[in-house]
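Topology and contacts: notes
For reference, the chains in residue letters:
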Amino acid sequence: MLTKIACTKFREEEIYFHEGLNVVLGDDDATNSIGKTGLLLVIDFGFGGDSLLESESGFIDELGHHQYEFTFLFSGRYYRVIRGTETPSRTVFHDYSHGHSYELKVGEYRDLLKKFYGLGSYEASFREIISLYSRIWGKSNTGPYKVLHNTLRMADKKAVESLIKVFGYYGEISDLMQKYEKLDNEKKALRGGMNRNVIPKLTKKDYQRNNEVIQESHDGIEDIKENLRLYATNIREITDQEVLELKKEKDTYLDAISQVEARLQRTQMNIAHNSYVKSQSFQALQDYFPDIDEKRISEVEGFHKGVVKLMAGRLKAEEKELLDELSALREELERINGRISDRLSNLEEPGHIVDRVFELSNSLERAKRENYYYQRDGDLSEEVKSLGSDISEKKKEVLNDIEKRVNQRLYEINNFVYGADRSSPSIRLSDNGYSFSVFEDSGTGKAYASLIMFDLSVFSNTRLPVLIHDSPLFKNIENLAVSKLLEEYDKYKKQVFIAVDEQGKYEEEAQKIIEQRSVIKLSDSNLLYNKDWR
């Protein structure tokens, strides 16, 4: 806990603190600009905050750069920290027990405070845990309805996450979210590769076709493995079947060639001997039969001349067709002979087997790789969807628990402060946001009282180490309610720092608490700093 703050610029150079409630007391005239808010900002500065440096009070311009010395007590050991306004990003840390002093960056100092307050396992920085609940005038977290907003621009979802972290539940969600983010990034990278054609993008039909290729390639390789066992005794067995088929095909072509050659030979002979019957061929007939009709003989001779001319054209055309067919058959025969020669060459050199295995292996690996990407894309989509659902369910479970605990404590504090006849404020939480409701009384006083009660509810339900409330929060709250709130503050052993004034207007019990718990009394004649620049 914080036990002391010392500064040469203070009117009282050392201010001491104790466990539980610590009151910075103003005068009965509620005089402003006497240092109440200023001291709370210094306390926050000691807890690693920077709001002091952003203050519009102009105290640095008036006082010049200066240092504050903070003393803490943890587990029976005292530690001193020096942090100044000129180099606020660095601190000097001193361990009284060992007499060691060393410089720490402010981030390292905050981490040390987180460790000392037993928050090391929390999935949040020390400032993320305490900053919201340091409600000092001038900061943007004093609005009575945006109770979870540390800044005005803070997203509702982020505000809810911060509350989960303060309750110490975020570790469970964080583990799921890290897995989700990892898988989602892998999915996005895979889809990006597909869209840029770096990775093949398959359809379901392509995937099924690849499965067939995988099976066929696997079977082909297994078949070659089996044949290679036989190759050790007789390699001919690997190729004989194919050669036999080729020889059968060759014989068919040889028969076809023989038939075409025979037809061609007959055609060419017919072309060579094609002639008509001349009239002289009938001379012997005329010698024996002088009465034969010479005119008739002449007509026969003419007829034969026409027939021969017609047949000559047809025979030439047939010859050309047969020559073309014969040429095609001989080319095909040559191709078959080449294939037979290639197969038979494997009797001395099995290179084609290696080529075939290489070809099948490439097909197999390519199909497997493409299908892996297709399957991985589908698996990632399912896993991301499932994890997203798990995260939503876990958040819902956690938020329901937080909501129930906060609202129950709000109900108890509200009953203590206002009585059972006044409705309690309540909070509703969801993954994307929240709402804070103040029932029955829409006045500013009840709104600020509800804000204070909300903080006290969180303070009592969590390991939140400190609570800081400035005097303007109390201004519009009815005196009796403030008196009861002071009694509530006084119940906690954890340190609470508040600024109040006009002590005399509160209930007697509240006045006693203020008197007993005051760490400094400020007034128009007793300012915090030793210089008055008002």
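Residues numbered from 1 in each chain as written. Predicted model: local features only at pLDDT ≥ 70, side-chain atom pairs only at ≥ 80, totals over all residues. Heavy atoms only, no water.

Our next topic: the overall build of the chain. Check the secondary structure of the chain and you find 15 helices and 13 strands. Within the chain, the proportion of its 534 residues that are buried is 43%. For the chain, contacts bridging at least 24 residues in sequence account for 69% of all contacts bridging at least 6. Summing over all exposed atoms, the chain offers an accessible surface of approximately 29200 Å²; the carbon and sulfur share of this is 47%. (Helix = DSSP H or I, 4+ residues; strand = E, 2+ residues; numbered from the N terminus. Buried < 20%, exposed > 50% of the residue type's maximum accessible area, 1.4 Å probe, protein only. Contact = heavy atoms within 4.5 Å. Areas by Shrake-Rupley, 256 points an atom, 1.4 Å probe, with all protein chains shown as cover.)

Any two side chains of opposite charge can pair, so long as their charged atoms come close to each other. Counting across every chain of the model gives 36 salt bridges. Note that R135 and D455 form a salt bridge whose closest N and O atoms lie 2.6 Å from each other. Remark: D455 occurs in helix α13 (residues 444-461) and R135 occurs in strand β8 (residues 134-135); sequence separation between them is 320 residues. The buried category is assigned to R135, whose relative accessible area is 0%. For D455, a relative accessible area of 0% translates into the label buried. Between E515 and K521 there is a salt bridge; the shortest N-O distance is 2.7 Å. Residues participating in the shared-partner salt-bridge network are K157, E161, K395 and D431. (Salt bridge = Lys/Arg side-chain N within 4 Å of Asp/Glu carboxyl O.)

Moving on to helix α1 (residues 36-46). Counting buried positions along α1 gives 10 out of 11 residues, so the element sits mostly inside the fold. Considered for burial, the residues of α1 that qualify are K36, G38, L39, L40, L41, V42, I43, D44, F45 and G46. Taken from the residues just after α1, G48 is the one with a positive phi, measuring 90 degrees.

Take the environment of E478 next. On the secondary structure map, E478 appears in the loop between β11 (466-469) and α14 (479-489). Looking at E478, the relative accessible area reads 43%, which means it is partly exposed. Once residues lying within four places of it in the same chain are set aside, the contact partners of E478 are Y418 and R422.

Turning next to helix α4 (residues 106-116). Among all positions of α4, only V106, Y109, R110, L112, L113 and K114 are buried. Where α4 is buried, its residues meet α1, β4 (67-74), β5 (77-84), β6 (90-95), β7 (100-105) and α5 (126-130). Where α4 ends, the next residue or the one after it, G118, has phi of about 70 degrees, a positive value.

As a further point, take the packing of α14 against helix α15 (residues 508-517). Each pair of packed helices can be described by the angle between their axes along with the distance between the axes. Contact geometry of α14 with α15 gives a least axis separation of 9 Å together with a crossing angle of 45 degrees. In terms of axis orientation, α14 runs oblique to α15. You can see that α14 and α15 cross each other, and the crossing is left-handed. For the pair formed by α14 and α15, the contact residues are S483, L486 and E487 on the first element and E509, A510, I513 and I514 on the second. (Axes fitted to C-alpha atoms, helices over the stretch in contact; angles between N-to-C directions. Parallel < 35°, antiparallel > 145°, perpendicular 65-115°, else oblique. Left-handed = near helix turned anticlockwise from the far one by under 90°.)

A separate point is the sheet that holds strand β3 (residues 21-25). With parallel pairing, the five strands of this open sheet are ordered in space as β8-β11-β12-β3-β13. In this open sheet, the two edge strands, each paired with only one partner strand, are β8 and β13 (518-521). Across three bridges, β3 lies against β13 in parallel orientation. Within β13, the position partnered with L25 by the bridge is K521. This element, α1, spans β3, β8, β11, β12 (495-500) and β13 of the sheet and lies at about 160 degrees to β12. Across the sheet, α13 is in contact with β8, β11 and β12; its angle to β11 comes to roughly 170 degrees. (Pairing = 2+ DSSP bridges.)

Once that is clear, we can look at the sheet that holds β4. Spatial ordering of the open sheet is given by β2-β1-β4-β5-β6-β7, a layout of six strands whose pairing is antiparallel. Strand pairing shows two members of the sheet lacking a second neighbour, β2 (14-16) and β7, which therefore form its edges. With strand direction ignored, the average angle separating the axes of adjacent strands in the sheet is 20 degrees. Looking at chain direction, β6 and β7 are connected through six bridges and run antiparallel. Its bridge partner lying in β7, F93 is registered against Y102.

What is shown is where atoms sit, not what they do.
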